[in-house]
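What follows is the residue order along each chain.
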Amino acid sequence: MATEPTSLVNSTCLDLLLNEIVPLAIRTTEEQSKPINQALDDKTSQLSLEQPLAGGVEIFDSEFLNSEDVNYKIEQYGFSIGLRMAEILIYNNSNNEILKNLELLNIMKFVCRDVWKLVYGKQMDNLRTNHRGTFVLIDNSFKNFNRLDSPIDFNDTINKSKPYLWIPAGIIRGVLKSFSVESLVTPEITKFPSVSFNIQTNMS
């Protein structure tokens, strides 16, 4: 008896997608900030060999790195991924014990275990709560930081790493939204490569 084929996402392709979201957000913010005349001039010279490649590391020297506009775009990409990811996970894990009792704490456990393992290949290392709608999720070795290292210095590495935290912050918010939980997710580098996500929800 034939079984239905399972579609799997290549982890390398997912990593490349997540890594490209940050440069994409910076480039689009730069383009949107230009006056119309300058934007048209840039388009006419885009075939020049002197123009930097779209994927070049020069993009991380942009004045818009860590700007509110860039962070918002990145978080929105993550939010969209989180919404769709939750639908698939919920469908494929209908017998998951966590999902049989949709208390807020169980939803957070679902994020820490199932969602994080799907995206980053491991579970969150710690989950803290004050039992009044506030949570802190901790990953002691954030996967996306493993290959980030600025040739300038350690502080520059941290500065250029910060935008990448808005992707998982958006994913978390998107997953919670799929459970009708409104949230504010604030990422933080605690001790590189350890990161935390402070979550304020509308539930208690």
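Rules behind the numbers
Residues numbered from 1 in each chain as written. Predicted model: local features only at pLDDT ≥ 70, side-chain atom pairs only at ≥ 80, totals over all residues. Heavy atoms only, no water. UniProt positions renumbered as here; feature names shortened; annotations may be inferred. Phe/Tyr/Trp six-rings, centres within 6.5 Å; stacked < 30°, edge-to-face > 60°. Helix = DSSP H or I, 4+ residues; strand = E, 2+ residues; numbered from the N terminus. Buried < 20%, exposed > 50% of the residue type's maximum accessible area, 1.4 Å probe, protein only. Lys NZ or Arg CZ within 6 Å of the ring centre and 35° of its normal.

Looking at an unreviewed UniProt entry, one finds the chain named Trafficking protein particle complex subunit 6B, with Wickerhamomyces anomalus as its source organism. Taken from UniProt, the Sequence similarities (unreviewed entry) comment for the chain reads in full: "Belongs to the TRAPP small subunits family. BET3 subfamily."

A. How the structure looks around the packing of aromatic side chains. Per the counting criterion, the structure on display carries nine aromatic pairs. Taking the centre distance of 4.6 Å and the plane angle of 45° together, the rings of Trp-116 and Tyr-120 count as tilted. With Trp-116 and Tyr-120 both in helix H4 (residues 104-120) and four residues apart, this pair spans about one turn of that helix. When sorted by exposure, Trp-116 lands in the same class as Tyr-120, which is buried. Measuring from centroid to centroid gives 5.7 Å for Phe-154 and Phe-192, while their planes differ by 90°, and the two rings are edge-to-face. In this pair, Phe-154 sits in helix H5 (residues 154-161) while Phe-192 sits in the loop between strand E3 (183-191) and strand E4 (194-201), placing the two residues 38 residues apart along the sequence. Members of the aromatic cluster, each reached through a chain of ring pairs, are Trp-116, Tyr-120, Phe-142, Phe-145, Phe-154, Phe-192 and Phe-197. Cation over ring: Arg-173 sits above Phe-79, and NZ or CZ is 4.0 Å from the ring centre.

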